[in-house]
Amino acid sequence: MTRRDRLHPGRGPGWDDDDLTDVELVWVKKRIENYIRFGHVAAKRTLDRSRRVVSFAPGSVFGFVRWTANDFGTIASRIDILRAVEPGERCSTVAYVRPGADILLTVTGWPNVEKVLQVIDQIEALGIDAADASPDYWRHVQSRVAVRETPRPYSRQRHEAWLLRRRIEP
């Protein structure tokens, strides 16, 4: 069993490093912070003291948080829940993400980012890895936050239904 197979038990051989989705993580004290909130990292490499790249296998879902500030405080807060795409699959461009990804959720502004982080915490409190939650649920959260409504909570029943659906889909 290769290292990749251990990191992604559902993924067999058949993908290589060129198939991975790379995310550049930047950290500059009190200025920029890009980090992965959840997801199964397939590979990592350090570029320098403040930058590193993490990679995700096709089909992987991950949460990518970005925060930027200046001398006067926070300029931008953002969270994206993304799905790494297969080679040749259509995708959206996302800053710091190469080649791009399928956007399941994108939220800007700290109050909205905080709501999504709370949803992630609720999912994890159920003992479910947020990376394994239904992509449709992330789209639901996106829609509800956009209209300032509370998303329906994710449940074990909903998760089981998603896992069953995933087994029978081609």
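The structure under discussion appears in the preceding block.
Residues numbered from 1 in each chain as written. Predicted model: local features only at pLDDT ≥ 70, side-chain atom pairs only at ≥ 80, totals over all residues. Heavy atoms only, no water.

Looking now at the nonpolar core. Soluble, globular proteins show a tendency: their nonpolar side chains are buried together. Core analysis: the biggest nonpolar cluster contains 25 residues, and Ile79, Ile120 and Trp138 have the highest contact counts within it. Sorting the residues of this core by element identifies β5 (61–70), β6 (73–84), β8 (97–108), α2 (110–125), α3 (135–146) and α4 (156–168) as the ones contributing at least two each. When residues in this core are grouped by element, the largest group, six residues, is from α2. In this structure isoleucine 120 touches Arg37, Phe38, Ile79, Ile81, Ala130 and Trp138, once residues within four positions along its chain are discounted. By size, the runner-up hydrophobic cluster in this structure holds 11 residues, among which are Val23, Val54, Ala84 and Val97. (Core = buried A, V, L, I, M, F, W, Y, C linked by side-chain atoms within 4.5 Å. Buried < 20%, exposed > 50% of the residue type's maximum accessible area, 1.4 Å probe, protein only. Helix = DSSP H or I, 4+ residues; strand = E, 2+ residues; numbered from the N terminus. Contact = heavy atoms within 4.5 Å.)

Our focus in this paragraph is α3. Its 12 residues place the ends of α3 17 Å apart at the C-alpha level, agreeing with the 16 Å of an ideal helix rising 1.5 Å per residue. Within α3 the residues assigned to the buried category are Pro135, Tyr137, Trp138, His140, Val141 and Val145. In this structure, the buried residues of α3 make contact with β2 (32–38), β5, β6, β8, α2 and α4. At the N-terminal end of α3, a side-chain oxygen is found 3.2 Å from the backbone nitrogen of aspartate 136, two or three residues along, and the residue is serine 134. Within two residues after α3, arginine 148 carries a phi angle of roughly 60 degrees, on the positive side. (Expected span 1.5 Å × (residues − 1). Polar contact = N/O pair within 3.5 Å; in protein donor to acceptor, adjacent residues only side chain to side chain.)

With that out of the way, let us pick up the side chain of glutamate 24. Its place among the elements puts glutamate 24 in strand β1 (residues 21–28). There is a polar contact of 3.3 Å between the side chain of glutamate 24 and the side chain of arginine 51. Those residues in contact with glutamate 24 that sit more than four places away from it in its chain are Asn34, Arg51, Arg52, Val53, Phe64, Tyr96 and Arg98.

As paired elements, β1 and strand β4 (residues 51–56) share six bridges and run antiparallel to each other. Considered in β4, the bridge of valine 23 is made with valine 54. Where strand β3 (residues 43–48) meets β4, five bridges bridge the pair, whose relative direction is antiparallel. By the bridge assignment, threonine 46 is partnered in β4 with arginine 52. In this antiparallel pair of consecutive strands, β3 and β4, the connection spans two residues. (Pairing = 2+ DSSP bridges.)

According to the stated counting rule, one finds four aromatic pairs in the structure shown. Centroid distance tyrosine 137 to tyrosine 154: 4.8 Å. Interplanar angle 55 degrees. Geometry classified as tilted. Within this pair, whereas tyrosine 137 is found in helix α3, its partner tyrosine 154 is found in the loop between α3 and α4, the two being separated by 17 residues in sequence. Here a set of aromatic residues connected by ring pairs shows up, and it is made of Phe38, Tyr137, Trp138 and Tyr154. (Phe/Tyr/Trp six-rings, centres within 6.5 Å; stacked < 30°, edge-to-face > 60°.)

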